[in-house]
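A closer look at the structure
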Amino acid sequence: MDESAVMQSDATAGSLLASLTLVSNSPQRAQLLREAGYRFDVVSPKLPEPEEKPAKLTAAQHAQAQAYFKARSVAEKYPDRLLLGADTLVAAEDKVFGKPADRDDARRMLDVLTHTPHQVTTGIALLAPALDRRVIAHAVTQVTMRPMSDEQMAAYLDTDAWREKAGAYGLQAGADAFVESIDGSYSNVIGLPLELLGRLLRQFE
């Protein structure tokens, strides 16, 4: 590779952070990035949510795979951007919970999660298609919730705050009142571990 090619490659890498693009439909992830001071664009992933989680994959493996496939789904259209994909899952009692299909499914999830400590896992994928570079990792946070009474459960489900939330709850949607303790990244439970993301982005500076 000649000197001009090396300089061009370095310049491309240096401009990547300015082209950060969140590949997600999650308003919570976008809000977290804005509050952290990042400048970024948002595009929707061209990847449908799987109806069932593969039994042979751990929560971390599945979250990382989904994060990567989300980012890769728009790589052909946005080859010169730094694409950020993320996927969050909740695991408890050897079961993995994604987004609830309906109100009954949300109640089933919460019946488990409010009676046992569980792990929130978010996979992160950063893709730079123009440089053929990718970084994939995950973060895990331990969460313990207080049991909900039947009245509290019904009131929470009536809010529809459980929709589009892994494990049927979100800390920014009223469920924080039922959280007893969090061990690990708080932003991870919302949907994007900012501490991990910051470390990964430094690899593209």
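Heads up: these notes are all about the structure in this document. Every chain is numbered independently, its residues counted from 1 as its sequence is written. With pLDDT at 70 or above as the cut-off, local features in this predicted model cover only qualifying residues; side-chain atom pairs require 80 or more to be listed or tallied, and sums for whole chains, interfaces and linings still use all residues. Water and hydrogen atoms were dropped before computing side-chain values, which therefore reflect all heavy atoms in the structure.

Quick look at helix α4 (residues 103–113)
Residues Asp105, Ala106, Met109, Leu110, Val112 and Leu113 constitute the buried set of α4. Looking down the long axis of α4, one finds its buried residues gathered within 155° of arc, a one-sided arrangement. Its buried side turned inward, α4 meets β3 (82–92), β4 (95–97), β5 (118–128), β6 (133–145) and α5 (150–158). Buried, partly exposed and exposed residues are distinguished by accessible area as a fraction of the type maximum, computed with a 1.4 Å probe on protein chains only: under 20%, between the cut-offs, and over 50%, respectively. Helix and strand assignments come from DSSP, with helices taken as H or I runs of at least 4 residues and strands as E runs of at least 2, each series counted from the N terminus. What the arc measures is the spread of directions leading from the helix axis to the C-beta atoms. Between two residues, a contact is recorded if the distance between any of their heavy atoms is within 4.5 Å.

What to know about the environment of serine 24
Counting through the fold element by element, serine 24 comes out in the loop between β1 (20–23) and α2 (27–35). Note on serine 24: relative accessible area 6%, which makes it buried. Taking C-alpha positions, serine 24 is 8.9 Å from aspartate 87, a pair spaced 63 residues apart along the chain. When sequence neighbours within four positions are dropped, the list of residues in contact with serine 24 reads Arg29, Val42, Val43 and Pro45. Whenever a nitrogen or oxygen atom comes within 3.5 Å of another N or O atom, the pair is scored as a polar contact, on the condition that within protein one atom can donate a hydrogen and the other can accept it, and that pairs from neighbouring residues in sequence are kept only if both atoms are in side chains. Only 3.5 Å separates the side chain of serine 24 from the side chain of arginine 29, close enough to count as a polar contact.

What about unusual backbone geometry?
The general pattern is negative phi for most residues beyond glycine and trans for most peptide bonds. With a phi close to 50°, glutamate 93 is a non-glycine residue in the positive phi region. Note on glutamate 93: relative accessible area 52%, which makes it exposed. Of note in the backbone geometry, aspartate 94 takes a positive phi value of approximately 65° without being a glycine. With respect to the helices and strands, the residue aspartate 94 is situated in the loop between β3 and β4.

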